[in-house]
Amino acid sequence: RAIKTGISGYTGKEEYAFGDLTKSTVTKMGAGVVDAVHSFTGKEEYEFGDIAKTTVTKVGAGVADVVHGFTGKEEYEFGDIAKTAVTKVGAGVADVVHGFTGKEEYEF
């Protein structure tokens, strides 16, 4: 009962709904935070999960750039990173063998 009263007093709402504490905190923190959240999410009205969703989207774009830079492919397909890694490691091993043996191709 005490928790319910505390939450009700904090949010100003008689009944608690998921996200009310976060919304109230953002509201109470002031216009600076509201402006920062708006700037980050691009949304006028904050909804629970907006910051997390925006973060995932922004990180996803960065990851896509890194994957493209590593694989050289515009569109990622399952296995592209592993295939590229094997190719690059294989080329590196070939360079090491060539440097060590002086031969272009390795023979057992």
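Presented here is an overview of the structure given in this document. (Residues numbered from 1 in each chain as written. Predicted model: local features only at pLDDT ≥ 70, side-chain atom pairs only at ≥ 80, totals over all residues. Heavy atoms only, no water.)

Within the protein, the regular secondary structure consists of five helices and zero strands. In the protein, the succession of α and β elements from N to C terminus is α-α-α-α-α. Burial analysis of the protein (108 residues in total) assigns 15% to the buried set. Look at the contacts in the protein between residues 6 or more apart in sequence, and 11% of them connect residues 24 or more apart. (Helix = DSSP H or I, 4+ residues; strand = E, 2+ residues; numbered from the N terminus. Buried < 20%, exposed > 50% of the residue type's maximum accessible area, 1.4 Å probe, protein only. Contact = heavy atoms within 4.5 Å.)

Moving on, we come to a nonpolar patch on the surface. On the surface, Tyr10, Tyr16, Phe18, Leu21 and Phe48 cluster together into a nonpolar patch covering about 520 Å² of accessible area. The topology assignment puts Leu21 in helix α2 (residues 20-29). (Patch = residues over 30% accessible without salt bridge, like charges linked within 9 Å, V, L, I, M, F, W, Y side chains within 5 Å. Areas by Shrake-Rupley, 256 points an atom, 1.4 Å probe, with all protein chains shown as cover. Salt bridge = Lys/Arg side-chain N within 4 Å of Asp/Glu carboxyl O.)

Within this structure, the stated rule accounts for one aromatic pair. Each ring, one from Phe18 and one from Phe48, has its centre 4.5 Å from the other, and the planes form 70°; the classification is edge-to-face. Here Phe18, found in the loop between α1 (2-11) and α2, pairs with Phe48, found in the loop between α3 (31-41) and α4 (50-71); they are 30 residues apart in sequence, far enough to count as distant. Residue classification places Phe18 among the exposed positions, given a relative accessible area of 64%. Judged by its relative accessible area of 42%, Phe48 is partly exposed. (Phe/Tyr/Trp six-rings, centres within 6.5 Å; stacked < 30°, edge-to-face > 60°.)

Attention now goes to the layout of surface pockets. Of the voids in this model, the largest pocket is the one considered here, and its volume is about 150 Å³. By residue class, the composition of the lining of the largest pocket is four nonpolar, two polar and four charged. (1 Å grid on protein atoms, 1.4 Å probe; cavity = no way out; pocket = protein on both sides within 12 Å on 5 of 7 lines; lining within 4 Å. Points joined across faces, edges and corners; volume = space filled by probe spheres on them. Nonpolar A, V, L, I, M, F, W, Y, C, P; charged D, E, K, R; others polar.)

When charged atoms on two side chains of opposite charge get close, those side chains can pair. Considering all chains together, one arrives at five salt bridges under this definition. Among the ionic pairs, Glu47 bridges to Lys43, the shortest N-O distance being 3.4 Å. For Glu47, a relative accessible area of 45% corresponds to the partly exposed category. Close ionic contact of Asp50 with Lys43 constitutes a salt bridge, the shortest N to O distance being 3.1 Å. In this structure Asp50 comes out as buried when scored by relative accessible area, which is 5%. For Lys43, a relative accessible area of 31% translates into the label partly exposed. Beyond isolated ion pairs, a larger network of salt bridges with shared partners links Lys43, Glu47 and Asp50.

Any link to function would need more than the numbers given here.
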